[in-house]
Amino acid sequence: GIQVEQSPPDLILQEGANSTLRCNFSDSVNNLQWFHQNPWGQLINLFYIPSGTKQNGRLSATTVATERYSLLYISSSQTTDSGVYFCAVVRGPGAGSYQLTFGKGTKLSVIP
Amino acid sequence: DAEITQSPRHKITETGRQVTLACHQIWNHNNMFWYRQDLGHGLRLIHYSYGVQDTNKGEVSDGYSVSRSNTEDLPLTLESAASSQTSVYFCASGSSGNTIYFGEGSWLTVV
């Protein structure tokens, strides 16, 4: 199956700092999503981004499908950004497959 | 109200008992999924369904079953609970080739 590697595994930031999280995948994908799991365990979808760039407030993401990686940027980090960030992909194109394969996540701790 | 609900949210059961975790979504999504989350393993797919009467095994399906009798629900059954099935279980749903949404999780402890 497809391999999804995220880096770094752990990240500690001072409030206000910027960060970049990386997701590498081993095969072509037709679906890539970034999720944030908050300290209460809830999984929140941040971006659906199989290719290109998207921005939502202080967060933005870029996927370069031809080079098999995606980046999640967090600017001016806040303590509420703490949690685990997951990248998840669906192998593609075609095959009629829609189930996501997850990376192991990046644990982010933002300290005041 | 949450758009995808799981119940129970927390459960303690004994080894060997049958347990069913419910998942209900209101969007009419064709695709529904069950994942388990464990330390060191991230989220792993248990079973999934692409529509009514369709069910498929995922990466870690042994000891679990699902049924899809309508679009809204995908209950997950542990036939004979084992301590190795102590985990957090997440249900998810989505339309084909689009964003997937997760429920709030069900914490299951098998003693």
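To be clear, the structure that these remarks concern was listed above.
Fair warning: this is a prediction, and the values are worked out from it, not measured in the lab.

About the thresholds
Residues numbered from 1 in each chain as written. Chains lettered and ligands numbered in written order. Predicted model: local features only at pLDDT ≥ 70, side-chain atom pairs only at ≥ 80, totals over all residues. Heavy atoms only, no water. Pairing = 2+ DSSP bridges. Helix = DSSP H or I, 4+ residues; strand = E, 2+ residues; numbered from the N terminus. Axes fitted to C-alpha atoms, helices over the stretch in contact; angles between N-to-C directions. Salt bridge = Lys/Arg side-chain N within 4 Å of Asp/Glu carboxyl O. Buried < 20%, exposed > 50% of the residue type's maximum accessible area, 1.4 Å probe, protein only. Phe/Tyr/Trp six-rings, centres within 6.5 Å; stacked < 30°, edge-to-face > 60°. Lys NZ or Arg CZ within 6 Å of the ring centre and 35° of its normal.

This part covers the sheet that holds strand β8 (residues 76–78) of chain B. Residues and elements named next belong to chain B. What the 4 strands build is an open sheet, ordered β1-β3-β8-β7; its pairing is antiparallel. Every interior strand has two partners, whereas the edge strands, β1 (4–7) and β7 (64–66), have only one. Pairwise comparison of adjacent strand axes, ignoring direction, gives a mean angle of 15° for this sheet. Relative to β8, β7 is paired through 3 bridges, and the arrangement is antiparallel. Residue Val 66 lies in a different strand from β8, and its bridge partner there is Leu 76.

A separate point is the pattern of salt bridges. Residue and element names in this part refer to chain B. Tallying each qualifying case throughout the model produces 6 salt bridges over all chains. Here Glu 14 ties to Arg 17 by a salt bridge, and the two come within 3.4 Å at their closest N and O atoms. Each of Arg 36, Asp 38 and Arg 44 takes part in a single network of salt bridges with overlapping partners.

All names here are of chain A. Counted residue by residue, strand β8 (residues 69–74) has 5 buried out of 6 residues, so it is predominantly covered. Inspection of the sheet shows strand β7 (residues 59–64) paired to β8 by 6 bridges, in the antiparallel sense. Its bridge partner being in β8, Leu 59 is matched across the sheet by Ile 74. Here β7 hands over to β8 after 4 residues, with Arg 68 in that stretch at a positive phi of 60°.

Right, let's talk about the packing of aromatic side chains for a bit. Within the structure shown, the criterion is met by 12 aromatic pairs over all chains. On the numbers, 5.3 Å between centres and 80° between planes, the contact of Phe 102 of chain A with Tyr 35 of chain B is edge-to-face. With one member in each of two chains, Phe 102 of chain A in strand β10 (residues 101–102) and Tyr 35 of chain B in strand β4 (residues 31–38) form a pair that bridges those chains. With respect to burial, Phe 102 of chain A and Tyr 35 of chain B carry one shared label: buried. Every member of this aromatic cluster is reached through a ring pair, and the members are Phe 35, Phe 86 and Phe 102 of chain A together with Phe 33, Tyr 35, Tyr 48, Tyr 50, Phe 90 and Phe 102 of chain B. For the cation-ring pair, Arg 22 of chain A lies above Tyr 69 of chain A, with the distance from its terminal atom to the ring centre recorded as 4.2 Å.

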